[in-house]
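A closer look at the structure
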Amino acid sequence: MAFTPVWTTEGRANYDKIKADAKASLDAQKKDRKLKASKAEGLFKQLSGCLQKLLNNPRNPGLQTHKYDSLEHPYDKKQSVFEAYVQNNTPGAYRLFWCYGPNKNQITIIAITPHP
């Protein structure tokens with residue numbers, strides 16, 4: 001079952017910043033004629049893969065999804081918020097925080113942040 005993404009303001013802002021950083025890095029790479037991708041491009045590629053897996057199957061083992069208690073569910077205080085791994089084994093690895101809802105077959109992206 002595929003889910004439709006719903007974005008919080010913070011989640012959309014996080015995604016847009018990562019995407020803009022990757023685009024700026026790619027443009028600079030083309031201008032300087034470098035062949036190696038930057039960290040920003042790699043992060044955006046990993047984030048895109050994470051989102052794709054999440055929307056297709058939130059229980060995908062590669063996401064290492066688990067409950068996260070420090071954030072409050074935006075729609076129902078009794079429901080859970082989850083954390084999925086965008087990166088792993090990386091200093092400051094990025095995490096994606098999400099929850100089910102507000103409607104059936106929807107997943108809300110709450111935030112995308114580096115792990116403390």
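Just so we're clear, the structure is a prediction, and the values are computed from it rather than from any experiment.

Quick notes on the sheet that holds strand S1 (residues 4-7)
Overall, mixed pairing links the 5 strands, which are arranged S1-S5-S4-S3-S2 in an open sheet. With partners counted over all chains shown, the strands left at the sheet margins are S1 and strand S2 (66-68), one partner each. On average, each strand axis in the sheet is inclined to that of its neighbour by 40°, with strand direction left out of account. In this structure, strand S4 (residues 94-100) lies alongside strand S5 (residues 106-114), joined through 7 bridges in antiparallel fashion. Across the sheet, residue Tyr100 finds its bridge partner in S5, namely Ile107. Across the sheet, helix H2 (residues 39-56) is in contact with S1, strand S3 (81-85), S4 and S5; its angle to S4 comes to roughly 25°.

Focus on the side chain of Gln87
Locating Gln87 in the fold gives a position in the loop between S3 and S4. You can call Gln87 buried: its relative accessible area is 12%. Side chain to side chain, Gln87 and Gln46 meet in a polar contact 2.8 Å long. Among all residues touching Gln87, those that are not within four sequence positions of it are Leu43, Gln46, Gly92, Ala93, Tyr94 and Arg95.

Regarding the side chain of Asn14
By the secondary structure assignment, Asn14 is in helix H1 (residues 9-32). Within the structure, the side chain of Asn14 is placed 3.0 Å from the backbone nitrogen of Ile112, a separation counted as a polar contact. In this structure Asn14 touches Ala111, Ile112 and Thr113, once residues within four positions along its chain are discounted.

Brief notes about the pattern of salt bridges
Tallied over the full model, the rule gives 5 salt bridges. A salt bridge links Lys17 to Asp21, with the shortest nitrogen-to-oxygen separation between them at 2.9 Å. Taken together, the residues Lys17 and Asp21, both in helix H1 and 4 residues apart, mark about one turn of the helix. Residue classification places Asp21 among the partly exposed residues on the basis of a relative accessible area of 35%. Among the ionic pairs, Arg95 bridges to Glu83, the shortest N-O distance being 3.5 Å.

Some words on H2
The end-to-end C-alpha distance of H2, which contains 18 residues, comes to 26 Å, matching closely the 26 Å that a straight helix rising 1.5 Å per residue would cover. Every buried residue belonging to H2 is among Glu41, Leu43, Phe44, Leu47, Cys50, Leu51, Leu54 and Leu55, and all of these are buried.

Parameters and conventions
All residue numbers refer to positions counted from 1 along the written sequence of the respective chain. Residue-level local features of this predicted model are given only where pLDDT is at least 70; pairs of side-chain atoms are given and counted only at 80 or more, and the full residue set underlies all totals for whole chains, interfaces and linings. Side-chain figures throughout are based on the complete set of non-hydrogen atoms in the structure, without hydrogens or water. For two strands to be treated as a pair, DSSP must find no fewer than two bridges joining them. By the criteria applied, helices consist of DSSP H or I runs no shorter than four residues and strands consist of E runs no shorter than two, each listed in order from the N terminus. To obtain an axis, a line is fitted to C-alpha atoms, over the contacting stretch when the element is a helix, and the angle between two such axes runs from 0 to 180 degrees between their N-to-C directions. Two residues form a contact once any of their heavy atoms are found within 4.5 Å. In this scheme, a residue with accessible area under 20% of its type's maximum is buried, one over 50% is exposed, and one in between is partly exposed, where area comes from a 1.4 Å probe on protein chains only. In protein, a polar contact means a hydrogen-donor-capable atom and an acceptor-capable atom, both N or O and within 3.5 Å, with residues adjacent in sequence counting only if both atoms are side-chain atoms; elsewhere, any N or O pair within 3.5 Å suffices. Each reported salt bridge corresponds to a side-chain nitrogen of Lys or Arg within 4 Å of a carboxyl oxygen of Asp or Glu. The span expected for a helix works out to 1.5 Å for each residue beyond the first.

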